[in-house]
Amino acid sequence: MLRDILRYFPYEDPREGQIEIAARTYETLVRGETLAIEAPNGIGKTSAVLSGALLASERSGRRILYLTRTHSQTDRVVEEVEKISKKAEVVYAPIRGMASLCPFNTGLFREGIFCSFIVKKRICNYTKSVDEVGDVRPLFTEKVISEALKRGQCPYAFSIRLAKDSTLIIANYIYVFDMFYYNYLFEKIRLEKPFLIIDEAHNVSDRILDFLRARARIDRLYDILSRYSSDTGFNGIIRLLDEVCESNSKIVSGEILKFVSKDETIKLREFLDKMFEKPEEADFMDNSFMDAVKFLRKLEIARENAGNIVFCREGKADLLMEPILPRNLYGKVLGDKFSGIVMISGTFGGKEALSTELGIDLDYMEINPRREEELSVFIAEGITTSYRKREKELYKAIAEVISEIPSTVEGNIGIFFPSYQFMERVYEEVRSMDKPVFLESREKTARENREMIENFKKMADAGGAVLFGVLGGRNSEGEDFIGKEMSSAIVVGLPYRKPNDLMRLRASKINEKSPGMGYKVVFTLPAVRMAVQAAARSTRGHRKKVTVVFADDRYKRSDVIEFLPSWIKERISYVKWGDLPGVFKRIWET
Ligand code: SF4
């Protein structure tokens, strides 16, 4: 098998772990099983998984759906496929959501309702038919868009056309985890039980919950049921809304879906679909209207999962429908639709945690290759960002120490905080920093943030800079910093989310099946994943040294260490928070 895998392997010399990943991927897919691969950033997971999957596809005739979260991740996969194509032919296509491919930014919801509206009004002229696409490569997202527009064709239709003939389709998450896109790709390009690869899959349980999760304004829900349908009588659904609104509990069990009959949900679906036939008569351009439509549309499947659903009021205006655990939805969203599944991430947190979280059995492999650089990992003691300790003195103490560190490091450094508010409070206390600071902000548009990150990266060879970012924010996951673009990372705090009733309910449900795992899976695991994701921004690309710090006493706890990947666990040293500048100096001076 090794020789066959190497036919699809793009490099002369595989790195440690890559052939193992490719072989396990191949075996998992041909056997129709599920595998999670945890491996650090930068070891070449993508090319390894692709070579195993392409061989499995060649031998089984099945196509491959490769899911990525962001544009840059899609383009990274395209880059690898192009390298493979120099050795073996690979017919592939990237496909993003309609909203990101369409120059008018239309979203796809029930067969592209905005799109047909815009086309009908002759606002869009990219309507030339896409029978032939010819040889267009490499297929980076921007290239697909510009090539299609140049030909007077719709970029979305162009992508779909490419995908029809492709063995490998690189799509974004929505095509599997969004109920309104869910069957679209399968029908449009006739995908039949393909193999599935999920990149950056550590949040897959949350994405599965997204499938049924819905939020809408209560007045809009009533509005649709009454204003648009006065004579169709959705009494069961109206009763459900009344019950939730009148309840004194913060969380109402999904058992109240018993008021809604199957016939009623089918009638509701038909009624909503009809509305889309005359978009000009409804408020489709209003987000609150669309949220309410989506909420109602999800009731049909929610009804079949009533025992796993809750309804919660959010403030006075909003109603939230939440599935409790992914385990009952796993089959519908993933298990039944794909013939074999491989999930990849640097931060799953171990087999027990992941399989408890998803509620399924799976194979697990952790790859921990030797590193070429000198990687130091510290847990800094004597500091905690626990909510109870957040006072001015804490922000000041953090600011004093981090101000001294950037000048000791070659290139850029990233410092990540548990929230925007926390980051801003520390920033206010920083008196001087001898490298320029780039501050992440919620106010920045995606384009502005991108520009900021590009400018930050350019500083790597121009004296270095500091990025202040937020754990779980826009720059701590998915963004690649190569080599000196981030030579070191300091993770300030362990970003536990504030507990709420829903999280407590989830934890207790998990405890029923897996005693003692509830709190860990619901509270600790996501916090550790966010921290490791941020720290791992600094470990891509070769250079001599990397220093990673986790600053919070809580990182010493065994239930936290348990979820850390081996490349971190086996290198941990302890240091006092105040001694950190001296430690950095010693490491980077030698
Ligand atoms: S046809 Fe394509 S380019 Fe035109 S509005 Fe629809 S999605 Fe956008």
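Everything numeric here is computed off the predicted structure, so don't read it as measured data.

Cut-off values and rules
- Note on numbering: residues in each chain are counted from 1, in written sequence order.
- Where local features are concerned, this predicted model is filtered to residues with pLDDT of at least 70; where side-chain atom pairs are given and counted, the filter is 80 or more; whole-chain, interface and lining totals use all residues.
- Side-chain figures throughout are based on the complete set of non-hydrogen atoms in the structure, without hydrogens or water.
- Every helix listed is a DSSP run of H or I at least four residues long, and every strand listed is a run of E at least two residues long, numbered separately from the N terminus.
- Atoms counted for the radius of gyration: C-alpha only. Globule rule: 2.2 Å times the number of residues to the power 0.38.
- Only protein chains enter the area calculation, which uses a 1.4 Å probe; residues under 20% of their type maximum are buried, those over 50% are exposed, and those in between are partly exposed.
- Note on definitions: a residue-residue contact is assigned when non-hydrogen atoms from the two residues lie within 4.5 Å.
- Method for areas: the Shrake-Rupley scheme with a 1.4 Å probe, in which residue coverage is limited to the protein chains shown.
- Charged-residue counts in this description rest on Lys and Arg as positive and Asp and Glu as negative, His and the chain ends being excluded.
- Throughout, a charge is located at the NZ atom of Lys, the CZ atom of Arg, the CG atom of Asp or the CD atom of Glu.
- To be near a molecule or strand, a residue needs just one of its heavy atoms within 4 Å of it.
- Here the nonpolar group is Ala, Val, Leu, Ile, Met, Phe, Trp, Tyr, Cys and Pro; Asp, Glu, Lys and Arg are the charged ones; every other residue, Gly included, is treated as polar.
- Method remark: on a 1 Å grid restricted to protein atoms, a set of points is classed as a cavity if a 1.4 Å probe fits but cannot get out and as a pocket if it is open with protein on both sides within 12 Å along at least five of seven lines; lining residues have an atom within 4 Å of a point.
- Grid points are joined across faces, edges and corners, and a volume is the space filled by probe spheres set on the points.
- For the purposes of this description, domain bounds are those given by an automatic or database domain assignment.
- By this definition, two strands are paired if DSSP reports at least two bridges between them.
- Whenever a helix is involved, its axis is fitted only over the stretch in contact; in every case the axis is a line through C-alpha atoms, and angles between N-to-C directions fall within 0 to 180 degrees.
- We call a set of buried Ala, Val, Leu, Ile, Met, Phe, Trp, Tyr and Cys residues a nonpolar core when their side-chain atoms join them within 4.5 Å.
- By convention in these notes, a salt bridge is any Lys or Arg side-chain nitrogen within 4 Å of a carboxyl oxygen on Asp or Glu.
- The disulfide criterion used throughout: a pair of cysteine sulfur atoms within 2.5 Å.
- Under this definition, polar contacts are N or O atom pairs within 3.5 Å; protein pairs additionally need one hydrogen-donor-capable and one acceptor-capable atom, and for neighbouring residues in sequence, both atoms have to be side-chain atoms.
- The predictor attaches a confidence to each residue, and that confidence, scored 0 to 100, is pLDDT.
- Any two of the Phe, Tyr and Trp rings considered here, Trp counted by its six-membered ring, make a pair once their centres fall within 6.5 Å; the pair's planes then place it as stacked at under 30 degrees, edge-to-face at over 60, or tilted in between.
- Between the first and last residue of a helix there are one fewer steps than residues, each counted as 1.5 Å, and that sum is the expected span.
- What is called the bend at a residue is the angle between a pair of axes, fitted to the seven residues leading up to and ending at it and to the seven starting from it.
- Directions are taken from the helix axis to each C-beta atom, and the arc is the one they span.

### Notes on the overall build of the protein
Phase 1 of the analysis: Helix and strand counts for the protein stand at 25 helices and 18 strands.
Phase 2 of the analysis: For the protein, whose C-alpha radius of gyration is 25 Å, the value lies close to the compact-globule estimate of 25 Å for 590 residues.
Phase 3 of the analysis: The principal-axis extents of the C-alpha atoms in the protein amount to approximately 80 × 60 × 45 Å.
Phase 4 of the analysis: Residues classed as buried in the protein amount to 59% of the 590 residues present.
Phase 5 of the analysis: Nonlocal contacts in the protein, meaning residues at least 24 apart in sequence, comprise 79% of its contacts between residues at least 6 apart.
Phase 6 of the analysis: In the form shown here, the protein has an accessible surface area of approximately 25000 Å², with 46% of it arising from carbon and sulfur atoms.
Phase 7 of the analysis: If the 92 positive side-chain charges of the protein are averaged to one point and the 88 negative ones to another, these points end up 0 Å apart.

### Thoughts on the site of the ligand
Phase 1 of the analysis: As a structural note, the neighbourhood of the ligand is formed by 9 residues, with Cys 102, Pro 103, Cys 115, Cys 124 and Cys 154 the closest of them.
Phase 2 of the analysis: For the shell around the ligand, a count of residues per class yields 8 nonpolar, 1 polar and no charged.

### With respect to the environment of Lys 294
Phase 1 of the analysis: Along the chain, Lys 294 turns up in helix α15 (residues 287-304).
Phase 2 of the analysis: Remark: the alpha-carbon pair of Lys 294 and Phe 180, spanning 114 residues in sequence, is separated by 8.4 Å.

### Looking at empty space enclosed by the protein
If you roll a probe as big as a water molecule over the atoms, it shows you where there is empty space left.
Phase 1 of the analysis: The tally for this structure, following the rule as stated, stands at 1 cavity of 30 Å³ or more.
Phase 2 of the analysis: Size it by volume and the largest cavity reaches roughly 50 Å³.
Phase 3 of the analysis: Lining of the largest cavity is provided by Pro 40, Asn 41, Glu 200, Gly 346, Thr 347, Val 532, Gln 533, Ala 536, Arg 537 and Trp 567.
Phase 4 of the analysis: Grouping the constituent residues of the lining of the largest cavity by class yields 4 nonpolar, 4 polar and 2 charged.
Phase 5 of the analysis: Among the domains, domain 1 (1-87 + 167-209 + 323-368) and domain 4 (374-589) are the pair contributing at least three residues each to the lining of the largest cavity.

### Side note on the sheet that holds strand β10 (residues 340-345)
Phase 1 of the analysis: An order of β3-β4-β2-β5-β10-β1-β11 is seen for the 7 strands of this open sheet, with the pairing classed as parallel. The sheet is open, and its two edges are formed by β3 (92-95) and β11 (363-366), each paired on a single side. Taking the axes of each pair of neighbouring strands and ignoring which way they run, one obtains an average angle of 15° across the sheet.
Phase 2 of the analysis: In this sheet, strand β4 (residues 168-172) lies alongside β3 in parallel orientation, the contact comprising 4 bridges. By the bridge assignment, Ile 95 is partnered in β4 with Ala 171.
Phase 3 of the analysis: Against the sheet, helix α8 (residues 155-164) touches β3 and β4, its axis set at about 145° to β3.

### Here's the deal with the nonpolar core
Phase 1 of the analysis: Counting residues in each nonpolar core, the largest one holds 126 residues, and the members touching the most others are Leu 65, Phe 177, Ile 198, Phe 311, Leu 334 and Met 343.
Phase 2 of the analysis: Take this core: its biggest share by element is 9 residues, from α15.
Phase 3 of the analysis: Excluding residues that lie within four positions of it along the chain, Phe 177 makes contacts with Leu 67, Ile 198, Val 204, Arg 207, Ile 208, Asp 210, Phe 211, Val 333 and Leu 334.
Phase 4 of the analysis: With 51 residues, the next largest nonpolar core counts Phe 438, Met 486, Ala 534 and Ile 572 among its residues.

### Section: the side chain of Asp 559
Phase 1 of the analysis: The topology assignment puts Asp 559 in helix α23 (residues 558-561).
Phase 2 of the analysis: Since its relative accessible area comes to 18%, Asp 559 is described here as buried.
Phase 3 of the analysis: The residues contacting Asp 559, other than those within four sequence positions of it, are Lys 520 and Thr 524.

### Re the pattern of salt bridges
Phase 1 of the analysis: Summed over all chains, the structure comprises 35 salt bridges.
Phase 2 of the analysis: Here Glu 33 and Arg 31 are joined by a salt bridge, their closest N and O atoms 4.0 Å apart.
Phase 3 of the analysis: Of the charged contacts in the structure, one is a salt bridge between Asp 552 and Arg 554, with a shortest N-O distance of 2.9 Å. No difference in accessibility class separates Asp 552 from Arg 554, as the two residues are buried.
Phase 4 of the analysis: Within the structure, one salt-bridge network assembled from shared partners comprises Asp 206, Arg 207, Asp 210, Arg 213, Glu 322 and Arg 506.

### Some words on the state of the cysteines
Phase 1 of the analysis: In total, this model carries 0 disulfides according to the counting rule given.
Phase 2 of the analysis: The structure places no disulfide on Cys 312, whose sulfur is separated from the nearest cysteine sulfur, that of Cys 245, by 13 Å.
Phase 3 of the analysis: Given the relative accessible area of 8%, Cys 312 is considered buried.

### Description of the side chain of Arg 96
Phase 1 of the analysis: Structurally, the position occupied by Arg 96 is in the loop between β3 and α5 (98-101).
Phase 2 of the analysis: An unpaired buried charge is present at Arg 96: no salt bridge exists, and Asp 75, the closest side chain of opposite charge, is 7.5 Å distant.
Phase 3 of the analysis: One polar contact links Arg 96 to Thr 74, side chain to side chain, over a distance of 2.6 Å.
Phase 4 of the analysis: The contacts of Arg 96, once residues within four sequence positions are left out, are Thr 68, Arg 69, Thr 70, His 71, Thr 74, Leu 101, Thr 141, Tyr 156, Asn 172 and Tyr 175.

### A closer look at the environment of Asn 368
Phase 1 of the analysis: By secondary structure assignment, the location of Asn 368 is in the loop between β11 and β12 (374-381).
Phase 2 of the analysis: Residues Asn 368 and Pro 40, spaced 328 residues apart in sequence, show a C-alpha to C-alpha distance of 7.1 Å.
Phase 3 of the analysis: Here Asn 368 is in contact with Ser 566, Trp 567 and Glu 570, once residues within four sequence places are set aside.
Phase 4 of the analysis: Among the polar contacts made by the side chain of Asn 368, one reaches the side chain of Glu 570 at a distance of 3.1 Å.

### What to know about the confidence of the model for the protein
Phase 1 of the analysis: For the protein, the mean per-residue pLDDT works out to 89, and 96% of the residues sit at or above 70.
Phase 2 of the analysis: Confidence, read as mean pLDDT per element, is least for helix α6 (residues 113-120) in the protein (74) and greatest for strand β5 (residues 195-198) (98).

### Structural notes on the packing of aromatic side chains
Phase 1 of the analysis: Tallied over the entire structure, the rule returns 16 aromatic pairs.
Phase 2 of the analysis: Ring geometry for Phe 9 against Tyr 11: centres 5.9 Å apart, planes inclined by 70°, an arrangement best described as edge-to-face.
Phase 3 of the analysis: Overall, Phe 9 belongs to the buried group, its relative accessible area being 0%.
Phase 4 of the analysis: Members of the aromatic cluster, each reached through a chain of ring pairs, are Tyr 395, Phe 417, Phe 422, Tyr 427 and Phe 468.

### Details of α15
Phase 1 of the analysis: Look at α15: 27 Å from first C-alpha to last across 18 residues, which is about the 26 Å you get at 1.5 Å a residue.
Phase 2 of the analysis: Within α15, the axis deviates most sharply at Lys 298, by approximately 35°.
Phase 3 of the analysis: Among the 18 residues that make up α15, 13 are buried, leaving the element largely enclosed by the rest of the structure.

### So, helix α14 (residues 262-277)
Phase 1 of the analysis: Taking 1.5 Å per residue, 16 residues should reach 22 Å; α14 reaches 23 Å between its end C-alpha atoms and fits that length.
Phase 2 of the analysis: Buried within α14 are the following residues: Glu 264, Thr 265, Leu 268, Phe 271, Leu 272, Met 275 and Phe 276. Along the axis of α14, the buried residues cluster in a sector spanning 145°; they form a single face. Set apart from the buried face of α14 by more than 90 degrees, the exposed residues are Asp 263, Lys 274 and Glu 277.

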